[in-house]
Amino acid sequence: MKSRRSFLKGSLAAALVPMPALAQSQPRVVLVGGGFAGATCARELKRLMPDARVMMIETNATFTACPFSNGVVTGLRALRAQQFNYEALGSLGVSLVYLSASKVDPQARTVTVADGTALPYDRLVLAPGVDFRWGSPARYDEAASARMPHAWKAGEQTLLLRRQLEAMEDGGLVAISAPPNPMRCPTGVYERASLIAFYLKARKPRSKVIILDAKDSFPKQRLFQAAWQQLYPGLLEWVPLSNDGKVVSVEPATNTLVTDFARHAAAVANVVPPQKAGAIAAAAGVADRTGWCPIDPVTFESPLQKNIHVIGDAAISGAMAKSAFAANAQGKACAAAIAQLLAGDTPASGKLINTCYSLVAPDYGISIVGVYHAVGGQYVDVEGAGGTSALEAPRETRAAEANYAAAWFRTITAEVFG
Ligand SMILES: Cc1cc2nc3c(=O)[nH]c(=O)nc-3n(C[C@H](O)[C@H](O)[C@H](O)COP(=O)(O)OP(=O)(O)OC[C@H]3O[C@@H](n4cnc5c(N)ncnc54)[C@H](O)[C@@H]3O)c2cc1C
């Protein structure tokens, strides 16, 4: 028999934060996922359409942010600094359901949540982030991640990797397996390796960090490599795909990463597996054969299912990186498009911006900026509008960029969750 506690945890009545009654004729927009994309979109929908019924379904009542979580891994900040709740969103009139969405019926226009309740929508926004392709590399499954953390969804996994680094003896090898694109935060692995090298240099200088990569290049590569040479000579090695970098299987019992021609027995093994859109996207029929979700770049509506929009990491958004900055921008653009569609107007195409900062050391930041517009059904770069930090720059410039990065995180989290 179900205990009262599990009933309360699992029932919609308990999970739904009450909101004032609204007229039945008001449009009903349901969102799945309260990350940077979904929570932004919910807030913006309520701002643009105060009378609309906006409901956000999110598994966890506490959101744990990935940006800056590499600082948690390396002991520079507490996990608490990454955690946010949805109280402010609730007080704006967004109704919050703390359950997982398990099914979508695009014909009936309903989303079913974990307790079996089917919730109706006029427009549905899916913002579930990423899921992992378990079994790739071979034998890397959820059980293996308890020994070889991915730490690519922030929370317990972040703390596990941190504990492993702390427990490692001086002289140990930290091996990171980087997946192919598309992936969440394409520069995050290199930032992580940098901050781990920073930690090792200060605390365990006989140790080494190696990145085994399924790719031959990555964004801001020259900037990272120049900084590595300057800050961490001999401490950090990047092994590209063409130099036998791709990890094909893992051996959790011995913490070993296996490539085509080599075996790397690590003291700490951090495996970032290949990714795809969060599972609800496939369940809703909006993911294509790639595992990701095609979208109309103006409305973010799926070409595969009417009235369902996809934003954030789950969406195929062309040249835009899968980042929190991009997810936030897409959340706003999607909300504006939905408000226009519900008013019977035709949404106009706009430009979106993305900036990704990376820390090579706590006081050494580098960045990349892109501006994007929709061409031929996809986001492409506005030529000449973006760029990266200069390759040659004084340390004060790098320190200033590290400060901009911290200010960006404070600003975006205050805007989305504050
Ligand atoms: C180590 C690391 C560093 C990063 N650094 C940066 C950075 O510096 N700058 C930057 O811009 N980006 C950074 N990112 C990327 C950024 O975290 C993601 O791009 C961003 O979180 C994507 O937002 P999202 O809303 O699409 O997904 P998420 O933020 O992951 O949110 C998805 C939400 O959906 C919920 N969900 C999923 N499925 C369901 C379901 N079925 N039912 C209910 N809820 C569901 C999840 O619980 C989650 O809360 C970093 C990522 C990592 C891993």
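### Thoughts on unusual backbone geometry
Cis rather than trans, the peptide bond between serine 136 and proline 137 has omega equal to -5 degrees. Assignment of secondary structure puts proline 137 in the loop between strand S10 (130-132) and helix H6 (142-145). In this structure, the amide linkage connecting asparagine 181 to the following residue, proline 182, adopts the cis form with an omega of -5 degrees. Locating proline 182 in the fold gives a position in the loop between strand S11 (173-178) and helix H8 (188-203). In this structure, arginine 139 is a non-glycine residue whose phi angle is positive, near 75 degrees. One can find arginine 139 in the loop between S10 and H6. Using a relative accessible area of 52% as the deciding quantity, one classes arginine 139 as exposed. A positive phi angle, near 50 degrees, is found at cysteine 185, a position not held by glycine. Checked against the element boundaries, cysteine 185 lands in the loop between S11 and H8.

### With respect to the confidence of the model for the protein chain
Confidence in the prediction of the protein chain, expressed as mean pLDDT, is 95, and 94% of residues score 70 or more. The lowest-confidence element of the protein chain is helix H1 (residues 4-10), averaging 37 in pLDDT; the highest-confidence one is strand S9 (residues 123-126), averaging 99.

### Examining the site of the ligand
By nearness alone, 35 residues border the ligand, and Ala37, Glu58, Ala101, Arg184 and Asp313 come closest of all. At 2.7 Å from an oxygen atom of the ligand is found a side-chain nitrogen or oxygen belonging to glutamate 58. Threonine 59 has a polar side-chain atom sitting 3.2 Å from a nitrogen atom of the ligand. In isolation the ligand offers 1000 Å² of accessible surface; the protein chains occlude 91% of this area. Taken together, the elements giving at least two residues each to the shell around the ligand come down to helix H3 (36-48), helix H4 (69-73) and helix H11 (324-342).

### Points about the layout of surface pockets
Volume-wise, the second largest pocket comes out at about 250 Å³. Listed by contribution, the elements that provide at least two residues to the lining of the second largest pocket are strand S20 (351-361) and strand S21 (364-375). Looking at the lining of the second largest pocket residue by residue, the class counts come to 10 nonpolar, 6 polar and 2 charged.

### A few points about the state of the cysteines
One pass over the full model with this rule turns up 0 disulfides. Residue cysteine 41 stays outside any disulfide, its sulfur separated by 4.2 Å from that of cysteine 334, the closest cysteine. Cysteine 334 provides the cysteine sulfur closest to cysteine 293, a residue in no disulfide bond, and the two sulfurs are 13 Å apart.

### Structural notes on the sheet that holds strand S14 (residues 249-251)
Overall, antiparallel pairing links the 3 strands, which are arranged S14-S15-S16 in an open sheet. Whereas interior strands pair on both sides, the edge strands pair on one side only; in this sheet they are S14 and strand S16 (263-265). Put simply, the sheet's adjacent strands are angled 20 degrees from each other on average, direction ignored. Pairing of strand S15 (residues 256-258) with S16, which is carried by 3 bridges, proceeds in the antiparallel orientation.

### Things to note about the nonpolar core
With 72 residues, the main nonpolar core has Phe36, Leu45, Met56, Ile57, Val111, Leu124 and Leu126 as its most contacted residues. Among the elements that take part in this core, H11 stands out by supplying 8 residues, more than any other. Once residues lying within four places of it in the same chain are set aside, the contact partners of leucine 45 are Val29, Leu31, Val54, Ala335 and Ile338. In this structure, Leu165, Ala178, Ile211 and Ile366 belong to the second largest nonpolar core, which totals 36 residues.

### Considering the pairing of strand S17 (residues 268-271)
Burial along S17 is two-sided: the residues Val268 and Asn270 and Ala269 and Val271 are all buried. Pairing between S11 and S17: 4 bridges, direction parallel. Residue pairing for S17: valine 174 is matched across the bridge by valine 268.

### Some words on helix H9 (residues 221-231)
Among the residues making up H9, those that are buried are Gln221, Leu223, Phe224, Ala227, Trp228 and Leu231. The arc that holds every buried residue of H9, seen down its axis, measures 165 degrees, which confines them to one face. Opposite the packed face of H9, turned more than 90 degrees from it, sit the exposed residues Arg222 and Gln229.

### Regarding the side chain of glutamate 401
The residue glutamate 401 is located in helix H12 (residues 395-417) in this model. Here glutamate 401 is buried and forms no salt bridge, its nearest opposite-charge partner arginine 398 lying at an N-O distance of 4.9 Å. Apart from the residues lying within four places of it in its own chain, the contact partners of glutamate 401 are Tyr357, Gly365, Ile366, Ser367 and Ser389.

### Quick look at the pattern of salt bridges
Scanning the entire structure with this criterion turns up 12 salt bridges. One salt bridge connects arginine 47 with glutamate 44, and the closest N-O pair in it is separated by 2.8 Å. Taken together, the positions of arginine 47 and glutamate 44, both in helix H3 and 3 residues apart, correspond to about one turn of that helix. Judged by its relative accessible area of 54%, arginine 47 is exposed. For glutamate 44, a relative accessible area of 15% translates into the label buried.

### A look at the domain arrangement of the protein chain
When its domains are assigned, the protein chain resolves into domain 1 (2-59 + 99-131 + 276-346) and domain 2 (133-275). Computed over C-alpha atoms only, the centres of domain 1 and domain 2 are separated by 33 Å. Counting the surface lost from both domain 1 and domain 2, the interface buries some 780 Å², and carbon and sulfur atoms represent 54% of this. Here domain 1 and domain 2 share 2 salt bridges between them. In this structure, the salt-bridge partner of aspartate 313 is arginine 184, at a minimum N-O distance of 2.6 Å. One can count 5 residue pairs in polar contact (both at pLDDT 80 or more) joining domain 1 with domain 2. Class assignment of the residues belonging to the side of domain 1 that touches domain 2 gives a composition of 3 nonpolar, 3 polar and 4 charged.

Conventions we followed
- Residues numbered from 1 in each chain as written.
- Predicted model: local features only at pLDDT ≥ 70, side-chain atom pairs only at ≥ 80, totals over all residues.
- Heavy atoms only, no water.
- Helix = DSSP H or I, 4+ residues; strand = E, 2+ residues; numbered from the N terminus.
- Buried < 20%, exposed > 50% of the residue type's maximum accessible area, 1.4 Å probe, protein only.
- pLDDT = per-residue confidence, 0-100.
- Near = heavy atom within 4 Å.
- Polar contact = N/O pair within 3.5 Å; in protein donor to acceptor, adjacent residues only side chain to side chain.
- Areas by Shrake-Rupley, 256 points an atom, 1.4 Å probe, with all protein chains shown as cover.
- 1 Å grid on protein atoms, 1.4 Å probe; cavity = no way out; pocket = protein on both sides within 12 Å on 5 of 7 lines; lining within 4 Å.
- Points joined across faces, edges and corners; volume = space filled by probe spheres on them.
- Nonpolar A, V, L, I, M, F, W, Y, C, P; charged D, E, K, R; others polar.
- Disulfide = S-S within 2.5 Å.
- Pairing = 2+ DSSP bridges.
- Axes fitted to C-alpha atoms, helices over the stretch in contact; angles between N-to-C directions.
- Core = buried A, V, L, I, M, F, W, Y, C linked by side-chain atoms within 4.5 Å.
- Contact = heavy atoms within 4.5 Å.
- Arc of directions from axis to C-beta.
- Lys, Arg positive; Asp, Glu negative; His and termini not counted.
- Salt bridge = Lys/Arg side-chain N within 4 Å of Asp/Glu carboxyl O.
- Domains from an automatic or database assignment.
- Buried area = accessible area lost by both parts, 1.4 Å probe.

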